Amino acid sequence: MKKSIIAIIVYFLLLHVLLPGAYYVYNGFIPIYSDFVSYPALIKSFFLISIPLIVSLLILVILPKKEDVIAPNIDGKPVTFLFYFSILLKLGILFSTGGFASVIEGEANGTFSNYISLFFNPFTLLLVLLFVQKKRSNIIMAVFFYVLSVTLSGSRSGIITIFFVFFIGFTFEVFKIYQKKLFNFLKFGIFLTPFVFVFATKLRGVEEVFSLEFLINQIAGRISVLETSMLPVHYYDTNLNLDLFYDKFSFWNQLKLIIDGIMPGQIFDFDVMPNNYYRAMFLGYSESFVFDNYMSVNLTLPIYLYMKYSYFSIIISIFYILGFYKLVLFLKRYPLLVIMFLSVFYNILYFFDWNMVFSQLYISFLTITFLKIFVLFRNAIYTDIIKNRVNEIKN
């Protein structure tokens, strides 16, 4: 478990902070969300994010090593069926409601099919299929169909997500069976990433011609968390108006959204998630515009905490990461719960607010709960079939 946590932190730090930072030093900083540049806030963001992550890494490295590799405990191949069903369900809902446009316009929100899909999260099922199911499946086929479904839905991070799968694998015993194949897939897939980025962008309705320079700048800007951190840090340090930020990211507002997310119907006044207001908070967009249009931009964990607690954010971030590791270590006897928490750790660092954290854990929990029921039901049927055959033989 410790190895997985360390690998995910290193991955996040390299991909989203150090590599974009090095690119900005070499090529100059080219913002992609606006024309605004504040180099003091940009540099400060770099250190606000890097310091707690590096300190957390050092602490994790020196912590005593414990036996925390988890063995699979699901017999047969029931997860394989549910995984491919979840892929078909996701794509069916997506294209029946209008493709990526339906996602950003919320066409499927509140529909029965969208509710059912909460119990079939493909990423959670992929992890369970690879690491908790005893009977081996075709890993390349499973990963390929997952990346394909993510890309067809308009996401530009399908292949990159498989790195995350690779790192989670360190926690599980059967990973040694899949490690080489996963690594080979990633070696090949990394060269396809720019083409996947362009293809997924086209699916979003962007028809502009991509030059090589434009493509590199876009990829660097999209994977970087520095520009999206620069703006809130600048606002905070220069005492600009942050009323909307503190309103939408208040504990009460996030709690209302969480309650509405799990209860049938609408208890409180409808609102979009706080991260959808980013452009209204920091880029001058109107609240009504971002309310009606999908414009989500997220804050990383250290920057979210900096906006709340200033420099105490460094200490809080460290305790948060170490506490997360201790929680996962405590759950090591329950592989599905380990999957549930490890599957959201990367996103907690990358896309942080309490509503996002809860929604990701909630969907993963629903998927795992349904999986447990499905396995029990399947085993009960198989047991009855065997008993009936035994009775037939005796008679």
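Definitions and limits used
Residues numbered from 1 in each chain as written. Predicted model: local features only at pLDDT ≥ 70, side-chain atom pairs only at ≥ 80, totals over all residues. Heavy atoms only, no water. Helix = DSSP H or I, 4+ residues; strand = E, 2+ residues; numbered from the N terminus. Contact = heavy atoms within 4.5 Å. Buried < 20%, exposed > 50% of the residue type's maximum accessible area, 1.4 Å probe, protein only. Salt bridge = Lys/Arg side-chain N within 4 Å of Asp/Glu carboxyl O. Axes fitted to C-alpha atoms, helices over the stretch in contact; angles between N-to-C directions. Parallel < 35°, antiparallel > 145°, perpendicular 65-115°, else oblique. Nonpolar A, V, L, I, M, F, W, Y, C, P; charged D, E, K, R; others polar. Polar contact = N/O pair within 3.5 Å; in protein donor to acceptor, adjacent residues only side chain to side chain. Patch = residues over 30% accessible without salt bridge, like charges linked within 9 Å, V, L, I, M, F, W, Y side chains within 5 Å. Areas by Shrake-Rupley, 256 points an atom, 1.4 Å probe, with all protein chains shown as cover.

Peer 1: So what about the side chain of Gln360? Which residues, and what values?
Peer 2: Mapped onto the elements, Gln360 comes out in helix α19 (residues 354-394). Among all residues touching Gln360, those that are not within four sequence positions of it are Val344 and Asn347.

Peer 1: Which residues make up the environment of Leu94, and what are the values?
Peer 2: Within the secondary structure, Leu94 sits in helix α3 (residues 78-96). Judged by relative accessible area, which is 7%, Leu94 ranks as buried. With 58 residues separating them along the chain, Leu94 and Leu152 place their C-alpha atoms 8.9 Å apart.

Peer 1: Explain the pattern of salt bridges residue by residue, including any values.
Peer 2: Using the criterion set out here, one finds two salt bridges in the structure. Its salt-bridge partner being Asp237, residue Lys44 comes within 2.8 Å of it at the nearest N-O pair. Of the two residues, Lys44 is situated in helix α2 (residues 39-62) and Asp237 in helix α11 (residues 226-237); the sequence distance between them amounts to 193 residues. In this structure, Lys248 and Asp271 form a salt bridge, with 2.9 Å as the shortest nitrogen-oxygen distance. Placement of Lys248 in helix α12 (residues 243-248) and of Asp271 in the loop between α13 (251-262) and α14 (278-282) is noted, with a sequence separation of 23 residues between them. Across this residue pair, the class does not change: Lys248 and Asp271 are buried.

Peer 1: For the packing of α11 against helix α16 (residues 301-309), give the residues involved together with the corresponding values.
Peer 2: Two elements in contact, α11 and α16, have axes whose closest approach is 10 Å; the angle formed by their N-to-C orientations is 10 degrees. The angle between α11 and α16 falls in the class roughly parallel. Counting all contacts with α11, which are made through Ser229, Pro232, Val233, Tyr236 and Asp237, the residues of α16 involved are Ile303, Tyr306 and Met307. Across the contact of α11 with α16, the residue classes break down as six nonpolar, one polar and one charged.

Peer 1: A description of the side chain of Ser317 should follow, citing residues and the corresponding values.
Peer 2: With respect to the helices and strands, the residue Ser317 is situated in helix α17 (residues 312-330). At 2.7 Å, the side chain of Ser317 forms a polar contact with the backbone oxygen of Ser313. Beyond its immediate sequence surroundings of up to four residues, Ser317 is in contact with Pro52, Leu301, Pro302 and Leu305.

Peer 1: An account of a nonpolar patch on the surface is needed here, citing residue identities and associated values.
Peer 2: A contiguous nonpolar surface patch, about 450 Å² in accessible area, is contributed by Val37, Tyr39, Ile43, Phe47 and Ile51. The partly exposed category is assigned to Phe47, whose relative accessible area is 44%.

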